[in-house]
Amino acid sequence: MLKDKVAIVTGSASGIGFATAKGLADEGVKVVMGDFNEALLKESAEKIGALPVVADLSKRESCRNLVDAAMEKYGRVDILCNIAGIQNVAPIVDFPEDKWDTIISLMLTAPFLLTKYCWNSMKENGWGRIINLNSIHGLVASEFKSAYVSAKHGLMGLTKCAGLEGGPYGITVNSICPAYVRTPLVDKQIADQAKTHGISEEEVVGKIMLQKAAIKKLLDPSDVAEVVKFLCSDAASSITGSAIPIDGGWTAG
Ligand code: NAD
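From a predicted model like this one, the values you see are computed outputs, not experimental measurements.

A. Examining the sheet that holds strand β5 (residues 128-133) more closely. As summarised here, the arrangement of the seven strands in space is β3-β2-β1-β4-β5-β6-β7, forming an open sheet in which the pairing is parallel. At either margin of the open sheet sits one strand with a lone partner, and together these are β3 (51-54) and β7 (243-246). For this sheet, the mean inter-axis angle between neighbouring strands, taken without regard to orientation, is 20 degrees. Relative to β3, strand β2 (residues 30-35) runs parallel, the two sharing four bridges. Residue pairing for β3: Gly-34 is matched across the bridge by Val-53. Helix α1 (residues 15-26) rests against β1 (6-10), β2, β4 (79-82) and β5 of the sheet, and its axis sits at about 170 degrees to β1. The sheet strands contacting helix α8 (residues 221-232) are β4, β5, β6 (171-178) and β7, and the helix crosses β6 at an angle near 160 degrees.

B. Here's a closer look at the side chain of Ser-146. Note on placement: Ser-146 falls in helix α5 (residues 146-166). With relative accessibility at 17%, the residue Ser-146 sits in the buried group. Sequence-distant contacts of Ser-146, defined by excluding residues within four places in its chain, comprise Ile-92, Phe-95 and Trp-100.

C. Examining the environment of Val-205 more closely. The topology assignment puts Val-205 in helix α7 (residues 201-209). As for Val-205 and Ile-103, which are separated by 102 residues in sequence, their C-alpha atoms are 25 Å apart. Sequence-distant contacts of Val-205, that is, excluding residues within four places in its chain, are made with Ile-190, Leu-210 and Leu-218.

D. Inspection of the packing of aromatic side chains at higher detail. Using the criterion set out here, one finds one aromatic pair in the structure. Ring geometry for Tyr-180 and Trp-250: centres 6.0 Å apart, planes at 50 degrees, overall tilted. With Tyr-180 in the loop between β6 and α6 (184-197) and Trp-250 in the segment after β7, the pair connects residues that are 70 residues apart, well separated along the chain. A cation sits over an aromatic face here: Lys-47 above Phe-18, 5.6 Å from the ring centre. When the ring centre of Tyr-117 is taken as origin, the NZ or CZ atom of Arg-64, which lies over that ring, is 4.2 Å away.

E. Layout of the site of the ligand. Near the ligand there are 30 residues, and of these Ser-14, Asp-35, Tyr-148, Val-181 and Thr-183 occur at the shortest range. In this structure, Ile-16 approaches the ligand through a main-chain N or O atom, which is 2.8 Å from an oxygen atom. Residue Thr-183 places a side-chain N or O atom 2.5 Å away from an oxygen atom belonging to the ligand. Relative to its free-state accessible area of 830 Å², the ligand is covered by the protein chains to the extent of 94%. Listing elements by their share of the shell around the ligand, those giving two or more residues are α1, α5 and α6. In terms of residue count, α6 provides more of the shell around the ligand than any other element does, three residues in total. In the shell around the ligand, the residues fall into 18 nonpolar, nine polar and three charged.

Scoring rules and cut-offs
- Residue numbers run consecutively from 1 along every chain, following the written order of its sequence.
- Only residues with pLDDT of at least 70 get local features here, since the model is predicted, and only at 80 or more are side-chain atom pairs given and counted; chain-wide, interface and lining totals rely on the full set of residues.
- Only hydrogens and water are set aside when side-chain values are computed; all heavy atoms of the structure are taken into account.
- Strand pairing is defined by DSSP finding a minimum of two bridges between the two strands.
- The helix and strand labels rest on DSSP assignments: H or I over at least four residues marks a helix, E over at least two residues marks a strand, and numbering proceeds from the N terminus.
- Comment: axis = line fitted to C-alpha atoms, over the contacting stretch for helices; angle = value between 0 and 180 degrees taken between N-to-C directions.
- When checking whether two residues touch, look at their non-hydrogen atoms; a contact exists if any pair is within 4.5 Å.
- Partly exposed describes any residue whose relative accessible area lies between the buried limit of under 20% and the exposed limit of over 50%, with all areas from a 1.4 Å probe on protein chains only and scaled to the type maximum.
- We call Phe, Tyr and Trp rings a pair once their centres come within 6.5 Å, taking the six-membered ring for Trp, and we label the pair stacked below 30 degrees between planes, edge-to-face above 60, and tilted otherwise.
- To sit over a ring, a charge needs its Lys NZ or Arg CZ within 6 Å of the ring centre and within 35 degrees of the ring normal.
- Near residues are defined by distance, with any heavy atom within 4 Å of the molecule or strand qualifying the residue.
- Under this definition, polar contacts are N or O atom pairs within 3.5 Å; protein pairs additionally need one hydrogen-donor-capable and one acceptor-capable atom, and for neighbouring residues in sequence, both atoms have to be side-chain atoms.
- Surface accessibility follows the Shrake-Rupley procedure with a 1.4 Å probe radius. Residue values consider only the protein chains on display as shielding.
- Each residue is assigned to one class: nonpolar for Ala, Val, Leu, Ile, Met, Phe, Trp, Tyr, Cys and Pro, charged for Asp, Glu, Lys and Arg, and polar for all the others, Gly among them.

Following this line, the structure appears as structure tokens:
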């Protein structure tokens, strides 16, 4: 059913984005991968036969170029996965203002622009799937992550608005909200927190990251890719404007 659909996946050189791009490519989807890590993007795209487009998605013109590249190559976009993201941890009073701007541009403005630029193609075809890689931090907050939490809560608002607007055209829009997933982004956080708290990396995972979860394990990127594939399936055609947590029960408590 997904065979020959065209998908844009951002942040797909690494981590959850790569697992998602691979999961879709395995289903026969033509994948266009957008990321600013040129060397890793090309290597990752080659592994799964996807089209790499080097793009710093915190910049408006790069968002435009990414969609243009997909339209030029395939003439349509059916699936948009907004996954590119970064993290910065600091109290508000010390939070670097340039990092705030970059996080909001990359994780809230880029999903808006990419949704806007893909919309007409999906509307013309009467079918579209927009999947925003959100976070439990789109639902609840943690201290010292103000920009990330604000961007992800904003992304939840965008998900709801676009879900309402897409309903008449067969376009569904959803947020996936994972807790911690073992990726390079989280590996760096584990190392940083071990240093900050003077504890081992195992203790950071067990005592800090999994403290609020009922199921005490870090997620694998492929766990998220499976939910993306489900949201693209016919079985999910009535799910829209939703937040789908994969959090081991974190937000239930
Ligand atoms: P990652 O660091 O492995 O991958 C992020 C990708 O985004 C990288 O390939 C990076 O090059 C790319 N990227 C960063 N800045 C960019 C820019 N300006 N332009 C284009 N590409 C850029 O991280 P990940 O853990 O796979 O995170 C992916 C998404 O999942 C993020 O939106 C993150 O908020 C979300 N998420 C992650 C976790 C987790 O625990 N890892 C949990 C919840 C949500």
